[in-house]
Amino acid sequence: MSLIVENVSKSFATKRQQIHTLDNVSAEFKQGEFVCILGPSGCGKSTLLNIIAGLEAPSGGRVVLNGKEVKGAGPDRVVMFQEAALFPWLKVIDNVEFGMKIAGIPPAERREKALKYLKMVHLTRFQDAYIHELSGGMRQRVALARALTLDSEVLLMDEPFAALDSQTKSILQLELQHIWWETKKTIIFVTHNVEEAVLLADRVVVMSANPGRIKKEFPIQLARPRQPENVDLTYLVAGIMKELKEEVEKVAKAEFDNNWRLQKNIILPSIDSDLGSGL
Amino acid sequence: MIAIWEAVYRLGVDILGLWKPYLFPSPLSVVKTLAELVRDQTLAIALIASAKRIVVGYLVSIMTGIIIGLTIVRFKWLDENVSALILGLQTLPSICWLPFAILWYGLNESAIIFVIAVGSTFAIAIAIESGIKNVNPLFVRAAKTMGASGFKVYWNVIIPASLPNLITGLKQGWSFAWRALMAGEMMSATKGLGQVLMVGRDLADISQVTAVMIVIVLLGVSVDKLIFGRIELDIRQKWGLDRS
Ligand SMILES: Nc1ncnc2c1ncn2[C@@H]1O[C@H](COP(=O)(O)OP(=O)(O)OP(=O)(O)O)[C@@H](O)[C@H]1O
Ligand SMILES: [Mg+2]
């Protein structure tokens, strides 16, 4: 497996303006690698992931998987979203089987495989439940099982644990480490959370915003399984945090500047009574 | 309720003499008339005629509704113009189409079926359009990354995802169709429930009018509750929409 992102740019034209979201992003992902992408909100992490997934087309550059340029979405690059994106009209087991059904795998075979992966995420007991009967953490587990059934070499994850409480999140992080270890998949994992990135990744990619670029890469060569309390881990987190903070501040400052200019242009009827009303 | 009815009848007709007996039905005579209508098979014949019409009309409206709905979804430029037109047409009571229908088809079955179909087509088309439009785009994206495309997305995601809306539309369409059927039969039919109702009027037989009205209400309610209500409830439970 080889996955290469080559000089990818992306701009969106909205009614009001042209947004230059990604600027010349290049990256290479090795077989079985776990890469986390970090960056301030709005820097284009999801956009990059969607381009790799083929859900969006780049404005420039290309994504090459195993020597072939990516055109459109496909089951060789399964995506796990922040919301589970499970289908409420199907039972858990049928949700897990969905991708295999699309692929035309015979029912008996796909049932067996679905159960195998449901077992991996510890949810066999809920196979006949409907989605609304599950908790948020359980839903993400089902989504993970569903993603795993397709045997894609690449798994793209866009802040999959962001909406979960911290206990559930750490359990799932642990499980994901095991699953990654067992399945040897290449995982590209977008997150806001530096600890999470360092805990999971072989390599952390920090992006800068406006326009989105790759700013710096950190190889994480810590032994696995990793514990969040580990001293080396904390040390690395501090270093990456520093890098990220710069970016976050840059974004905040840009936003502040805009506000400030905006305010100066507003003609206030009474200066003292309306101060800050536009915030 | 029947006791109250009987009491009102006694009070109004027998004691106070407010109404003449042929203006206000008594429960007893209504039941008698109903039994008579069942016995001489008037009701059965009427029911079969009405059922045939509504089944054909409703099926036609489902088909045209689906075609119109899908066409609007497919061609975005149609959407803005045609949707408004359809919403407008839907506010027109379908019996208003009867003159049209009679000019086109003459005074026959096709005219009534046309009126029924027109009555529910637009409701169904609108439900299909809004159902498909409101499908969570995340479902479609997820399906695409799992390898679904084109027809498979429609069949496996968009149709099931828009089912709750669709059923509501079908149910609404049914009630429009039912009303259109009665109106159409009263105006122009030689058979059917609506026509029996009109015969009651012509004979000044208030009991027959009431008896048929009761049958119409019962039928409408039971189809609504037993068929559409069940399906709707089933879907809402599956989706977890009833948890508040
Ligand atoms: N479909 C779109 N149309 C217009 N602009 C878009 C679109 N998608 C993304 N953008 C813009 O691109 C930028 C990056 O968005 P993106 O969702 O990739 O950020 P992100 O890094 O994932 O942020 P977050 O961490 O908050 O999820 C944003 O400024 C957003 O406004
Ligand atoms: Mg994002």
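Quick note: structure is the one above.
The shown structure was predicted, so the numbers you read here are calculated from the model rather than taken from an experiment.

Draft legend 1. Broad picture of the overall build of chain A. When helices and strands are counted, chain A shows seven helices and 10 strands. Dimensions along the principal axes, computed over C-alpha positions, put chain A at roughly 70 × 40 × 40 Å. Looking at the 279 residues of chain A, the share that counts as buried comes to 49%. When contacts within chain A are restricted to residue pairs at least 6 apart in sequence, long-range pairs at least 24 apart make up 69% of them. Summing over all exposed atoms, chain A offers an accessible surface of approximately 14,000 Å²; the carbon and sulfur share of this is 53%.

Draft legend 2. Structural view of the interface of chain B and chain A. Of the residues lining the interface, 20 residues belong to chain B; the matching set on chain A comes to 25 residues. Considering only the side of chain B, the residues that lose the most area to chain A are B:Thr145, B:Met146 and B:Lys238, jointly responsible for 34% of the buried surface there. Inspection of the region where chain B meets chain A yields zero salt bridges. Connecting chain B to chain A are six residue pairs in polar contact (both at pLDDT 80 or more). Tallying contributions element by element places helix α7 (residues 137-145) of chain B first for the side of chain B that touches chain A, with seven residues. Residue composition of the side of chain B that touches chain A, grouped by class: 10 nonpolar, five polar and five charged.

Draft legend 3. A look at the packing of aromatic side chains. Per the stated rule, a full pass over the model turns up 20 aromatic pairs over all chains. Residues A:Trp89 and B:Trp239 carry aromatic rings whose centres are separated by 5.7 Å and whose planes lie at 35° to one another, so their mutual orientation is tilted. Of this pair, A:Trp89 sits in the loop between β6 (77-80) and α2 (92-102) while B:Trp239 sits in helix α11 (residues 206-239), on two different chains. Residues A:Trp89 and B:Trp239 agree in their burial class; the two are buried. Note on B:Trp174 and B:Phe228: the rings are 6.2 Å apart at their centroids and 40° apart in plane angle, and the pair reads as tilted. Of this pair, B:Trp174 sits in helix α9 (residues 163-188) while B:Phe228 sits in helix α11, and the two are 54 residues apart along the sequence. On the basis of relative accessibility, which here comes to 11%, the residue B:Trp174 falls in the buried class. Aromatic ring contacts, followed pair by pair, group A:Phe34, A:Phe161, A:Trp180, A:Trp181 and A:Phe189 into a single cluster.

Draft legend 4. Representation of the pairing of strand β4 (residues 60-65) of chain A. Residues and elements named next belong to chain A. Relative to β4, strand β1 (residues 3-13) runs antiparallel, the two being bridged by five bridges. Paired with Ile 4 across the bridge in β4 is Val 64. When β4 meets strand β5 (residues 68-69), the two strands line up antiparallel, connected through two bridges. Counted as the bridge partner of Val 64 is Glu 69 from β5. Taking the residues between adjacent antiparallel strands as the criterion, β4 and β5 are bridged by two residues, where Asn 66 takes a positive phi near 50°.

Draft legend 5. Up close: the side chain of B:Ser94. Considering the arrangement of structural elements, one finds B:Ser94 in the loop between α4 (76-91) and α5 (98-105). Non-local contacts of B:Ser94, meaning those with residues more than four positions away in its chain, are made with B:Val115, B:Gly119 and B:Ala180.

Draft legend 6. Quick peek at the side chain of A:Lys10. Residues and elements named next belong to chain A. One can find Lys 10 in strand β1. Although buried, Lys 10 forms no salt bridge, and the nearest oppositely charged side chain, Glu 56, lies 4.2 Å from it. Apart from residues lying up to four places away in sequence, Lys 10 is in contact with Ile 19, His 20, Thr 21, Leu 22, Thr 47, Ile 51, Glu 56, Ala 57, Pro 58 and Ser 59.

Draft legend 7. Here's a closer look at the pattern of salt bridges. By the definition in use, this model includes 26 salt bridges over all chains. Its salt-bridge partner being B:Arg53, residue B:Glu109 comes within 2.9 Å of it at the nearest N-O pair. Of the two residues, B:Glu109 is situated in helix α6 (residues 109-133) and B:Arg53 in helix α3 (residues 42-74); the sequence distance between them amounts to 56 residues. Ionic contacts of the salt-bridge type, sharing partners, join the residues A:Lys215, A:Lys216, A:Glu243, A:Glu246, A:Glu247 and A:Lys250 into one network.

Draft legend 8. Geometry of the site of ligand 1. Residues and elements named next belong to chain A. The environment of ligand 1 is formed by 13 residues, the closest being Ser 41, Gly 42, Lys 45, Ser 46 and Thr 47. At 2.4 Å from an oxygen atom of ligand 1 is found a side-chain nitrogen or oxygen belonging to Thr 47. About the coverage of ligand 1: the protein hides 63% of its 630 Å² of free accessible area. Sorting the residues of the shell around ligand 1 by element identifies β2 (18-29) and α1 (45-53) as the ones contributing at least two each. With three residues, the top contributor of residues to the shell around ligand 1 is α1. In the shell around ligand 1, the residues fall into three nonpolar, eight polar and two charged.

Parameters at a glance
Residues numbered from 1 in each chain as written. Chains lettered and ligands numbered in written order. Predicted model: local features only at pLDDT ≥ 70, side-chain atom pairs only at ≥ 80, totals over all residues. Heavy atoms only, no water. Helix = DSSP H or I, 4+ residues; strand = E, 2+ residues; numbered from the N terminus. Buried < 20%, exposed > 50% of the residue type's maximum accessible area, 1.4 Å probe, protein only. Contact = heavy atoms within 4.5 Å. Areas by Shrake-Rupley, 256 points an atom, 1.4 Å probe, with all protein chains shown as cover. Buried area = accessible area lost by both parts, 1.4 Å probe. Salt bridge = Lys/Arg side-chain N within 4 Å of Asp/Glu carboxyl O. Polar contact = N/O pair within 3.5 Å; in protein donor to acceptor, adjacent residues only side chain to side chain. Nonpolar A, V, L, I, M, F, W, Y, C, P; charged D, E, K, R; others polar. Phe/Tyr/Trp six-rings, centres within 6.5 Å; stacked < 30°, edge-to-face > 60°. Pairing = 2+ DSSP bridges. Lys, Arg positive; Asp, Glu negative; His and termini not counted. Near = heavy atom within 4 Å.

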